[in-house]
Amino acid sequence: MDLFEIRGDTLDVIAEEAEHQDLSRESITMESFNVTSDRGGRTTRDISTFQRFSVDTNESLHFEPCEDIPPSPTGAEDGNDEDDVFKEEGTGSEIVKIRNRLQAKVAEMESFAGHLEEIFLTVEENFGRQEQHLEQHYNDVLQTLSQRYDERAAGLEEEKKGKLEALYTQLLSCGRAMDASKELIETAQEIYRTQDKRLFLKTVMPTIKSIEEFAKEESDLTLTTRLEFNTPLADLSDVKTMMDSINVVPAPSAPVINPQMPNSATQTSLRVCWSLFSDDTVEYYELYYRPVLEDKPADSTHTAQESKVKVKETHCTVTDLLPNAQYELWVTATNTTGISPASEKALYITVPSPPVIKRRECTSCTDAALIRWESGNTNPVDSYTVELSEMGTDDTQSSVTESIVAVPTCQCLIQLQSGRRYLISVRAVNIGGPSDRSEVITVSTTGTFFYLLEDTAHPCLSISEDGFTMFYGDEELPISAMGLDDNTFARCVAVLGDLIPVRGRHYWEVEVDDGSEYRIGVAYEDTERNSYLGAKTTSWCMRHILTPSRHKYEFLHNGWSPDLRITVNPVRIGVALDYERGTLSFFNVDLEQHLHTFQCHFRNYVHPCFSLDNPGALIVHNGIEAPEYAFI
């Protein structure tokens, strides 16, 4: 029977049994356990017939029906219903175990059947090549023998022609001698019969002389050629060599290694395939591989260690490799005669390592999140895949996972639904396949969430570990200790919050101290680092100034502020940014009091910004839901 038919029949049996197993599970779950109470307080259960699984030695699965057990009138047998009645949880657990064993058995059998199929195809290929090889040799032998026959037949024909010509020449010579003899005899008889004696004497002497001369001639009566033909031994040494070579298989030609196929690798393994485009017979292949050294000096003679694997099929899975590493591979074919030349070298790459999400650089708001990560790989990857699933109110993860594929860079802006929590992870992808998931982070869309950007902070500022508190100490740093760069505030002791690249509504709060002078607001990313917040057209802020007589508040933009007086000093300030309406509002959170609103058209996205004009601290509270009054 054909291997494909055997495999197909086996898988059909497995599918039928799996279907029966599922039906049995549903039957037990829905119908098996109907519990009622009798007068004695005992329970009776209607137990439906279920199926037991057994596995024979030939790996075929069979079902054996259990005999129906009628319930006892008292709801138990032998006086003990606890031992004879199946419990629903126990039976369900047993069914799950049976199902798992069955699935594992099916997977094992499918793998074994696939292996058999590959071997079957390999045997067929080798048989076909051997058959073609034998047929070619057979035709060559026949052609050589035909040539020998034609040559021998031509030689015999030439020899026959020579013999016939020699015999014909001898026959003509004998004919001429006989004609001459007959002529002399007839002449002698005529002379003998003549009556004229004078004529007799005149002619008899020449005749006698002619007869004497003819008699002196010797006639060769032996054959001038042999009747036997020459039969030289035929030189069939080349035919013998060809016959002997039928059992000698030629050395294989060089295999052709295939380019890497998508999803053909893991972090530590590669599946390599190759082809043999000739009719050669191959006993086994040897696959050689070695890592490609990226940082090897140009003049270095050092090469990576070479490894090899011996296989019989035209494919192989190489294991124990490095993640996201390039490997150089080539293959040779071997049979009883010898080893083929090596194939051309091919480059394969393993699956990348999981990316590393940069938590301190991830931001979110009520309808989106910006996720940033590091590749974590020395070799470049093709793209990234961001996976997210929603969390329920009971902290359970949704079974539905959404994927954003083909992300080209190490960041992705994801549109989300408001008031939800999501689990987000990232995978790196190359031609070998996707990496494992990165560490999962939780993102909430309750409100705007961001961290303070330490790389923009003035050297006198300290940022807490959680990234939400800034400190300005009493000690002044010497200029030599201030490592300033183009992104760092140099004049204003300030820091920016992370960018929120979503046009919509954003809200956060800042906890302040009455004894601190501060500036709170927003600024463009390109705001000048040598100016104060609110002094240019690129920033808007609320400023608190301590005077001998009172607390003064200013709302600065381009160095100008309206004349406002705040009677109650806010301890917690709410900041509401609305891109669509073009407003930036400030509130006293404790009193739910509106302080001021800037009317402006933001040409670009803005950063939250914070500054301390004297020693003190500011604490940022974000990721919170905006109060109703913030966007009235």
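Quick note: structure is the one above.
Criteria and thresholds
- Residues numbered from 1 in each chain as written.
- Predicted model: local features only at pLDDT ≥ 70, side-chain atom pairs only at ≥ 80, totals over all residues.
- Heavy atoms only, no water.
- Salt bridge = Lys/Arg side-chain N within 4 Å of Asp/Glu carboxyl O.
- Helix = DSSP H or I, 4+ residues; strand = E, 2+ residues; numbered from the N terminus.
- Patch = residues over 30% accessible without salt bridge, like charges linked within 9 Å, V, L, I, M, F, W, Y side chains within 5 Å.
- Areas by Shrake-Rupley, 256 points an atom, 1.4 Å probe, with all protein chains shown as cover.
- Buried < 20%, exposed > 50% of the residue type's maximum accessible area, 1.4 Å probe, protein only.
- Contact = heavy atoms within 4.5 Å.
- Pairing = 2+ DSSP bridges.
- Axes fitted to C-alpha atoms, helices over the stretch in contact; angles between N-to-C directions.
- Phe/Tyr/Trp six-rings, centres within 6.5 Å; stacked < 30°, edge-to-face > 60°.
- Lys, Arg positive; Asp, Glu negative; His and termini not counted.
- Charge placed at Lys NZ, Arg CZ, Asp CG, Glu CD.
- Core = buried A, V, L, I, M, F, W, Y, C linked by side-chain atoms within 4.5 Å.
- Polar contact = N/O pair within 3.5 Å; in protein donor to acceptor, adjacent residues only side chain to side chain.

Draft legend 1. The arrangement of the pattern of salt bridges in detail. One pass over the structure, following the stated rule, counts 16 salt bridges. Residue arginine 290 pairs with glutamate 306 through a salt bridge whose shortest N-O separation is 3.8 Å. Within this pair, whereas arginine 290 is found in strand E7 (residues 284-291), its partner glutamate 306 is found in the loop between E7 and strand E8 (307-311), the two being separated by 16 residues in sequence. By sharing partners, the salt bridges in this structure join Arg519, Arg543, Lys552, Glu554 and Asp613 into a single network.

Draft legend 2. Local environment of a nonpolar patch on the surface. The grouping of Phe112, Leu116, Ile119 and Val123 at the surface amounts to a nonpolar patch, some 330 Å² of accessible area in total. Secondary-structure assignment places valine 123 in helix H3 (residues 88-193). You can call valine 123 exposed: its relative accessible area is 52%.

Draft legend 3. Spatial organisation of the environment of alanine 368. In this fold, alanine 368 is placed in strand E14 (residues 368-374). Between the alpha carbons of alanine 368 and threonine 445 there is a distance of 7.2 Å; along the sequence they are 77 residues apart.

Draft legend 4. Structural detail: the side chain of aspartate 498. Relative to the elements of secondary structure, aspartate 498 occurs in the loop between strand E23 (494-496) and strand E24 (505-511). For aspartate 498, a relative accessible area of 4% gives the class buried. Those residues in contact with aspartate 498 that sit more than four places away from it in its chain are Arg360, Glu361, Cys362, Thr363, Arg372, Phe450, Tyr451, Leu453, His607 and Pro608.

Draft legend 5. Representation of the sheet that holds strand E11 (residues 346-349) within the structure. Judged by pairing direction, the sheet is antiparallel, and its four strands sit side by side in the order E8-E7-E10-E11 without closing on themselves. Two strands lie at the open edges of the sheet, namely E8 and E11, each paired on one side alone. When strand polarity is set aside, the average angle formed by the axes of neighbouring strands in this sheet is 30°. Sheet topology note: the E7/strand E10 (residues 326-334) ladder contains eight bridges and is antiparallel. For tyrosine 285, the partnering residue across the bridge sits in E10 and is alanine 333.

Draft legend 6. Highlighting the packing of aromatic side chains. Considering all chains together, one arrives at 15 aromatic pairs under this definition. Relative to tyrosine 384, the ring of tryptophan 373 has its centre 5.4 Å away and its plane inclined at 65°; by these criteria the two rings are edge-to-face. Of the two residues, tryptophan 373 is situated in strand E14 and tyrosine 384 in strand E15 (residues 383-391); the sequence distance between them amounts to eleven residues. Judged by relative accessible area, tryptophan 373 falls into the buried class, the value being 1%. Residue classification places tyrosine 384 among the buried positions, given a relative accessible area of 4%. Here phenylalanine 450 and tryptophan 508 contribute two aromatic rings whose centre-to-centre distance is 5.6 Å and whose plane-to-plane angle is 85°, an arrangement assigned as edge-to-face. In this pair, phenylalanine 450 sits in the loop between strand E20 (441-444) and strand E21 (461-463) while tryptophan 508 sits in strand E24, placing the two residues 58 residues apart along the sequence. On the basis of relative accessible area, phenylalanine 450 is assigned to the buried category, the value being 1%.

Draft legend 7. Quick peek at unusual backbone geometry. The backbone of asparagine 324 shows a phi angle near 50°, a positive value even though the residue is not glycine. Residue position: asparagine 324 is located in the loop between strand E9 (315-318) and E10. Even without glycine at this site, asparagine 558 takes up a positive phi of about 60°.

Draft legend 8. Highlighting a negative patch on the surface. Among the surface-exposed residues, Asp179, Glu183, Glu186 and Glu190 lie close enough to one another that they form a single negatively charged patch. Topologically, aspartate 179 is positioned in helix H3. Looking at aspartate 179, the relative accessible area reads 52%, which means it is exposed.

Draft legend 9. Region of the structure containing the nonpolar core. Ranked by size, the top nonpolar core spans 38 residues in total, and within it Met470, Trp540, Leu584, Phe586, Phe602 and Phe610 carry the most contacts. Considering each element in turn, this core owes the most residues, four residues, to strand E25 (residues 518-524). Counting residues in each nonpolar core, the second largest holds 22 residues, with Trp274, Val311, Leu321 and Ala346 among its members.

Draft legend 10. Here's a closer look at the environment of isoleucine 566. Along the chain, the position of isoleucine 566 falls in the loop between strand E27 (551-557) and strand E28 (572-578). What makes isoleucine 566 buried here is its relative accessible area of 11%. In sequence terms isoleucine 566 and lysine 552 are 14 residues apart; their C-alpha atoms lie 7.7 Å from each other. The residues touching isoleucine 566, leaving out its near neighbours within four places in the chain, are Met542, Tyr553, Phe555 and Leu595.

Draft legend 11. Broad picture of the side chain of glutamate 509. If you trace the backbone, glutamate 509 turns up in strand E24. Within the local environment of glutamate 509, its side chain forms a polar contact with the side chain of tyrosine 507, the two groups lying 2.7 Å apart. At a separation of 2.6 Å, a polar atom in the side chain of glutamate 509 contacts the side chain of arginine 572. When neighbours within four sequence positions are excluded, glutamate 509 is seen to be in contact with Arg572, Ile573, Gly574, Val589, Ile619, Val620, His621 and Ile624.

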